[in-house]
Every structure is written in C-alpha cells, then in structure tokens.
Amino acid sequence: MAPANAVLATWQPGPVPEDFTAIRDRWETGHMAVAGIKLAGFVATALSVLPGGRASER
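Only a predicted model underlies this, so the values are computations on that prediction, with no experimental measurement involved.

Draft legend 1. Molecular detail of the pattern of salt bridges. Tallied over the entire structure, the rule returns one salt bridge. A salt bridge links Asp25 to Arg24; its shortest N-O distance comes to 3.4 Å. What makes Arg24 partly exposed here is its relative accessible area of 34%.

Draft legend 2. Quick peek at the packing of helix α1 (residues 2-10) against helix α2 (residues 20-49). α2 packs onto α1 with a crossing angle of 140° between their chain directions and a minimal axis gap of 8 Å. Overall, the two elements α1 and α2 adopt an arrangement that is oblique. The way α1 lies across α2 gives a crossing that is left-handed. In this structure, α1 contributes Pro3, Ala4, Asn5, Val7 and Leu8 to the contact, and α2 contributes Ile23, Arg26 and Trp27. Partitioned by chemical class, the residues of the contact of α1 with α2 number six nonpolar, one polar and one charged.

Draft legend 3. Quick look at the packing of aromatic side chains. In the structure shown here, the tally under the stated rule is one aromatic pair. Residues Trp11 and Phe20 carry aromatic rings whose centres are separated by 6.2 Å and whose planes lie at 45° to one another, so their mutual orientation is tilted. The partly exposed category is assigned to Phe20, whose relative accessible area is 31%.

Draft legend 4. Quick peek at the environment of Trp11. Tracing the backbone through its elements, the reader meets Trp11 in the loop between α1 and α2. Contact partners of Trp11, with chain neighbours within four places excluded, come to Pro17, Asp19, Phe20 and Ile23.

Draft legend 5. Region of interest: a nonpolar patch on the surface. A surface patch of nonpolar side chains, about 630 Å² in accessible area, is lined by Leu39, Phe42, Val43, Leu47, Val49 and Leu50. Its place among the elements puts Val43 in helix α2. For Val43, a relative accessible area of 38% translates into the label partly exposed.

Calculation rules
- Per-chain numbering applies: the sequence of each chain, read as written, is numbered from 1 onward.
- Reporting in this predicted model follows two pLDDT cut-offs: at least 70 for local features of residues, and 80 or more for side-chain atom pairs to be given and counted; totals over whole chains, interfaces and linings ignore these cut-offs and use all residues.
- Here the side-chain values reflect all heavy atoms present in the structure, with hydrogen atoms and water set aside.
- A carboxyl oxygen of Asp or Glu within 4 Å of a side-chain nitrogen of Lys or Arg is what we treat as a salt bridge.
- Relative accessible area decides the class of each residue, using a 1.4 Å probe on protein chains only: under 20% of the type maximum gives buried, over 50% gives exposed, and in between gives partly exposed.
- Inter-axis angles, ranging from 0 to 180 degrees, are taken between N-to-C directions of lines fitted to C-alpha atoms, where helices are fitted over the stretch in contact.
- Strands here mean DSSP runs of E at least two residues long; helices mean DSSP runs of H or I at least four residues long; both are numbered from the N terminus.
- For classification purposes, angles smaller than 35 degrees are called roughly parallel, those larger than 145 roughly antiparallel, those between 65 and 115 roughly perpendicular, and all remaining angles oblique.
- Rotating anticlockwise by less than a right angle from the far helix to the near helix defines a left-handed crossing, while the corresponding clockwise rotation defines a right-handed one.
- Contacts between residues were defined by any pair of non-hydrogen atoms, one from each residue, lying within 4.5 Å.
- Side-chain classes are defined by residue name, with Ala, Val, Leu, Ile, Met, Phe, Trp, Tyr, Cys and Pro counting as nonpolar, Asp, Glu, Lys and Arg as charged, and the others, Gly among them, as polar.
- In summary, the pairing rule links any two rings of Phe, Tyr or Trp, Trp by its six-membered ring, whose centres are within 6.5 Å, and it sorts them by plane angle into stacked for under 30 degrees, edge-to-face for over 60 and tilted for everything else.
- Grouping into patches uses exposed residues only, defined as over 30% relative accessible area, and leaves out salt-bridged ones; the cut-off is 9 Å for like charges and 5 Å for nonpolar side chains (Val, Leu, Ile, Met, Phe, Trp, Tyr).
- Accessible areas in this description were obtained via Shrake-Rupley with a 1.4 Å probe; residue shielding takes into account the shown protein chains only.

And the structure:
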C-alpha cells in the first residue's frame, strides 16, 4: 500500500492519469491482503478462547 500511496501523493488535480487502474488495483490488493491477515488473526484468537481445544482435554 505504501508504494501506491506514494504515487497517489504526487498526483495533481486534473485529468485521471493513464496508469490509474494499475495504481488502484495495487492499492486495493494491499488492503485485501491486510484484511486477510487481520481476519486470520481474529479467527486464531477466537479459536484460542473457545472451550474444547486440546489444552482443555488435559
């Protein structure tokens, strides 16, 4: 996301640049990756507090 944000910061008001879709796709892909990592972390945390895990069987 940081590389895409750096490019976006240099844009001036006016017509949309030709490489807009490539920059937008890179930005969105970065956000989807971060969202996936956060979701995996949430699921891992949720599973760790649920009863019935191996640790509770001991």
